[in-house]
Amino acid sequence: MEDLGTVAWPPEPIRTERLVLREPETRDRAAFIELLASPEVHTYLGGPRARADLERETPEVPERWPGSFVVDLDGSMIGQILLRRATGHRRRAAAGKADLGYLFLPRAWGCGYAAEACAAALGWLAGALPGEPVVLTTQTANVGSMRLAAKLGFTEVERFEAWGAEQWLGMRSPVTPSS
């Protein structure tokens, strides 16, 4: 995966009704470690990383690169949105397109935060890279992620086997202004 190229980074924080999408800061380090060490978060992602390794390896300001947004609720990180260029994607239909990823702490599940944050990030991307299609890959067994993909307007491109499970690749076509 690569960054989004010509996009100016970081953007101004993106505010939604309940959330702020912003660049990672030092105060987010503990939440990043919690996110990456969570067995619940990584059920469909190959399992969590060891907390001791994360404590040792995570920089003071984690994940500070173009396309990495912290999802902030009332001043605390509850998740992360990732927008990257899918240059090394295993599927030809996704290669070179913008790729959406997201991780949320279990305490933030079921509140609509992921849909709100992802919609805001996709809106930002549409303004920064007009006409850019976006892809998303998830395991078909991840029912919540499949529902979110549909809610965000992703449609199935293909299903494939990888990492010992059936994967779903969806695409969200660029929004074009009506004439």
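Along every chain, residues carry numbers that run from 1 in the direction the sequence is written. Local features in this predicted model are restricted to residues whose pLDDT is 70 or higher, and side-chain atom pairs enter the listing and the counts only when it is 80 or higher, whereas totals over whole chains, interfaces and linings include all residues. The basis for the side-chain values is all heavy atoms of the structure; hydrogens and waters are excluded.

## What about the environment of D53?
Among the structural elements, D53 can be located in helix α2 (residues 51-57). Buried, partly exposed and exposed residues are distinguished by accessible area as a fraction of the type maximum, computed with a 1.4 Å probe on protein chains only: under 20%, between the cut-offs, and over 50%, respectively. On the basis of relative accessible area, D53 is assigned to the partly exposed category, the value being 28%. Taking the C-alpha atoms as reference, D53 lies 9.5 Å from A37; in sequence the two are 16 residues apart. Comment: elements are numbered from the N terminus, with helices defined as DSSP H or I runs of at least four residues and strands as E runs of at least two.

## Remarks on unusual backbone geometry
Residue W9 is joined to P10 through a cis peptide bond whose omega torsion reads -5°. Its place among the elements puts P10 in the segment before β1 (14-15). If you check the backbone angles, D74 has positive phi at about 55° while not being a glycine. If you trace the backbone, D74 turns up in the loop between β3 (68-73) and β4 (76-85). With a relative accessible area of 73%, D74 lands in the exposed category.

## Side note on the sheet that holds strand β5 (residues 98-104)
What makes two strands pair is DSSP finding at least two bridges between them. What the 8 strands build is an open sheet, ordered β1-β2-β3-β4-β5-β6-β8-β7; its pairing is mixed. Of all strands in the sheet, those with a lone pairing partner are β1 and β7 (155-162), marking the two edges. Pairing of β4 with β5 involves 7 bridges; the strand directions are antiparallel. Its bridge partner being in β5, R84 is matched across the sheet by D99. Whether two residues touch is decided by their heavy atoms; if any such pair falls within 4.5 Å, the residues are in contact. Note on method: axes are straight lines fitted to C-alpha atoms, helices fitted across the in-contact stretch only, with angles between N-to-C directions ranging 0 to 180 degrees. Where helix α4 (residues 143-151) meets the sheet, it contacts β5, β6 (134-139), β7 and β8 (165-172), and its direction lies at approximately 160° from that of β6.

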